[in-house]
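# Examining the three-dimensional arrangement
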Amino acid sequence: MSLTRSYLKSMGLSEEQISAIIEKHTETISGLKEEREKAAAEAVETLTQERDKLQADLEKAIGDASKVQAEYNAYKAEQTNAVKRALLKEALEGAGANPAAIDLLVDCISLDEIEIENNAIKDVDSALYTVKTDHAALFGKPEGRGTPPIDPPGGDGTGAASDVRQIAQKYHETFYS
């Protein structure tokens, strides 16, 4: 039920009393409306601040998750490459590569092209083909080059050392005996 002039007139109030009541009622209603609008504005402001804070927290969490994921992916790639390098070293040793050159030969092979299956290199021959053809001198048994090794006479009384000793003994006997 609303407060109207006709309702107040039916109660037997004078025009002045009706105007005074309507004026006070209007002031009260206006005040209530202002309070409600102010409370609504404050609620909107509070909710906006909370939303902005939650949005910032979410963006930070997404950034942190992305960073952690990137670190994990880098670690996983590093571990995979370490396994690939170890398997390549074994394969190169098995292929007869010079042990001193194995690390250099591993660096000549692109680790991205190596596939691992059941803890072994998938298609080892094709993985090593390029390095075997490009660096063939580093595979197989090393050949002796240059001056052949000198084999000095042994200490068993044969050879040049024994002859020198005999000459020295004859010389000593001849001049000092």
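We now turn to the structure provided with this report. Bear in mind the structure is a predicted one, so any value in this text is a computation, not a measurement.

## Some thoughts on the overall build of the protein
Along the protein, the regular secondary structure elements total 5 helices and 2 strands. Element order for the protein, N to C, with α for helix and β for strand: α-α-α-β-β-α-α. Counting only residues that meet the buried cut, the protein has 12% of its 177 residues in that class. Taking as baseline every contact in the protein between residues at least 6 positions apart, the subset at least 24 positions apart corresponds to 46%. When the accessible surface of the protein is split by element, carbon and sulfur atoms take 55% of a total near 14500 Å².

## Things to note about the packing of helix H2 (residues 15–94) against helix H4 (residues 124–134)
One can describe the packing of H2 onto H4 by two numbers: an axis separation of 11 Å at closest approach and a directional angle of 75 degrees. One element, H2, and the other, H4, form an angle in the roughly perpendicular class. Across from Leu88, Ala91 and Leu92 in H2, the residues of H4 making contact are Val124, Leu128 and Val131.

## Considerations on the pattern of salt bridges
Under the defined criterion, the tally for this structure stands at 10 salt bridges. A salt bridge links Arg85 to Asp107; the nearest nitrogen and oxygen atoms lie 3.0 Å apart. Linking Arg85 in helix H2 with Asp107 in helix H3 (residues 102–107), this pair joins segments that are 22 residues apart in sequence. Under the relative-accessibility criterion, Asp107 is labelled exposed at 53%. Two residues, Glu117 and Lys122, come together in a salt bridge whose shortest N-O distance is 3.8 Å.

## A word on the nonpolar core
Core analysis: the largest hydrophobic core is formed by 16 residues, its most contacted members being Leu88, Leu92, Leu128 and Val131. Of all elements in the fold, only H2, H3 and H4 reach the threshold of two or more residues within this core. At 4 residues, the largest contribution of residues to this core is made by H2. Discounting residues that sit within four places of it in the chain, Leu92 has contacts with Ala97, Ile102, Leu105, Val106, Leu128, Val131 and Phe139.

## Description of unusual backbone geometry
If you check the backbone angles, Asn118 has positive phi at about 55 degrees while not being a glycine. With respect to the helices and strands, Asn118 occurs in the loop between strand S1 (116–117) and strand S2 (120–121). For Asp123, which is not glycine, the phi torsion reads 60 degrees and is therefore positive. Relative to the elements of secondary structure, Asp123 occurs in the loop between S2 and H4.

## As for H2
Taking 1.5 Å of rise per residue, 80 residues should cover 118 Å, and H2 covers 116 Å from first to last C-alpha, within 8% of that figure. Those residues of H2 that sit buried are Ile18, Ile22, Lys84, Leu87, Leu88, Ala91 and Leu92. Phi for Gly96, located one or two positions after H2, is positive at around 85 degrees.

## Regarding the side chain of Lys84
Mapped onto the elements of the fold, Lys84 is located in helix H2. For Lys84, which is buried and forms no salt bridge, the nearest opposite charge comes from Asp112, at a distance of 5.4 Å. Separated by 3.1 Å, the side chain of Lys84 and the backbone oxygen of Ile114 make a polar contact. Residue contacts for Lys84: discarding those within four places in its chain leaves Leu111, Asp112, Ile114 and Ile116.

Criteria and thresholds
Residues numbered from 1 in each chain as written. Predicted model: local features only at pLDDT ≥ 70, side-chain atom pairs only at ≥ 80, totals over all residues. Heavy atoms only, no water. Helix = DSSP H or I, 4+ residues; strand = E, 2+ residues; numbered from the N terminus. Buried < 20%, exposed > 50% of the residue type's maximum accessible area, 1.4 Å probe, protein only. Contact = heavy atoms within 4.5 Å. Areas by Shrake-Rupley, 256 points an atom, 1.4 Å probe, with all protein chains shown as cover. Axes fitted to C-alpha atoms, helices over the stretch in contact; angles between N-to-C directions. Parallel < 35°, antiparallel > 145°, perpendicular 65-115°, else oblique. Salt bridge = Lys/Arg side-chain N within 4 Å of Asp/Glu carboxyl O. Core = buried A, V, L, I, M, F, W, Y, C linked by side-chain atoms within 4.5 Å. Expected span 1.5 Å × (residues − 1). Lys, Arg positive; Asp, Glu negative; His and termini not counted. Polar contact = N/O pair within 3.5 Å; in protein donor to acceptor, adjacent residues only side chain to side chain.

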